[in-house]
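Residue strings, one per chain:
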Amino acid sequence: MKLSIAITLLASAIAEAHYTFPSIGSSADWQYVRTTANFQSNGPVTNVQSEDIRCYQRTPGTGASGTLNVTAGQSIPYNAKASISHPGPMAFYIAQVPAGQSAATFDGKGKVWSKIYQDDVKIGSGMVWPSQGAKSVSVTLPKCLKNGEYLLRAEHIGLHSAGSAGGAQFYISCAQISVSGGSGTYSPKNLVSFPGAYQATDPGIMINIYYPIPKSYTPPGPPAETC
Ligand SMILES: *[C@@H]1O[C@H](CO)[C@@H](O)[C@H](O)[C@H]1NC(C)=O
Ligand SMILES: [Cu+2]
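Residues numbered from 1 in each chain as written. Chains lettered and ligands numbered in written order. Predicted model: local features only at pLDDT ≥ 70, side-chain atom pairs only at ≥ 80, totals over all residues. Heavy atoms only, no water.

The protein chain is annotated in an unreviewed UniProt entry as lytic cellulose monooxygenase (C4-dehydrogenating) from Bombardia bombarda. According to the UniProt record, the Subcellular location (unreviewed entry) comment for the protein chain is "Secreted". Comment text from UniProt for the protein chain, heading Catalytic activity (unreviewed entry), reads "[(1->4)-beta-D-glucosyl]n+m + reduced acceptor + O2 = 4-dehydro-beta-D-glucosyl-[(1->4)-beta-D-glucosyl]n-1 + [(1->4)-beta-D-glucosyl]m + acceptor + H2O." (UniProt positions renumbered as here; feature names shortened; annotations may be inferred.)

Here it is as structure tokens:
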């Protein structure tokens, strides 16, 4: 009896340690963000070769109900629920919706994603990323974007148990946005696909962050693009 209570408490503690990214700005959960498969469990994607690594959708083929109007150059808060409790890097990618489709219908397949944000680790007596414990991370959209609809993909990688392949935990979601006011010169040098961008053994994915403490950190994927 005592043991089962202890196991139940442990299980709920572990579940609470996980998180989702259900909203942008001050909108409702899953209004502009496609509902993820972990919307109840909060659990991560661990297989970088799975389709889940793209947008982790609960129902692939189904968009969110809304697409948020935003302005190029604007800073958009992307919110975590409950909070980003694991150590690891935060990145944002965008994919422009092809002609004839909309943010609500585009599946995001192919080499269409460019990275627009990557945070930096601080290494002292341990590795500390700025997102740790945060309830929201803001991403500034490049001023030079072309106007039109995009998917905005949030990605946080929990590296607390990433010492072996498949141990890293990916927390992901995709928001639907419509960009206006862009100057239109954005021309990303590195477009990647999901899956495809990452390997399980990439040095930023398979890494023991605790011992010995690494002297540097290389995030997976391409560098963040600027205008
Ligand atoms: C978003 O932008 C479109 C196109 O400019 C416009 O038709 C629509 O009313 C806007 N929606 C909101 C909620 O402002
Ligand atoms: Cu967790």
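Q: I tried to follow the sheet that holds strand β9 (residues 148-158) on my own but got confused; where do I start?
A: Backbone-to-backbone hydrogen bonds join strands into a sheet, with any given pair of strands oriented parallel or antiparallel. Spatial strand order, β2-β10-β9-β4-β5: five strands in an open sheet with mixed pairing. Strands at the two margins of the open sheet, each flanked by one partner only, are β2 (68-71) and β5 (113-118). Across the sheet, the mean angle from the axis of one strand to that of its neighbour is 40°, orientation sign disregarded. Judged from the seven bridges that link them, strand β4 (residues 90-96) and β9 form a sheet pairing that is antiparallel. By the bridge assignment, Tyr93 is partnered in β9 with Arg153. (Pairing = 2+ DSSP bridges. Helix = DSSP H or I, 4+ residues; strand = E, 2+ residues; numbered from the N terminus. Axes fitted to C-alpha atoms, helices over the stretch in contact; angles between N-to-C directions.)

Q: Sorry, what's going on with the pattern of salt bridges here?
A: Charged atoms that come close allow side chains of opposite charge to pair. One pass over the full model with this rule turns up three salt bridges. Across the salt bridge formed by Arg54 and Glu51, the nearest N and O atoms sit 2.7 Å from each other. For Arg54, a relative accessible area of 8% gives the class buried. Residue class for Glu51 comes out partly exposed when judged on its relative accessible area of 48%. (Salt bridge = Lys/Arg side-chain N within 4 Å of Asp/Glu carboxyl O. Buried < 20%, exposed > 50% of the residue type's maximum accessible area, 1.4 Å probe, protein only.)

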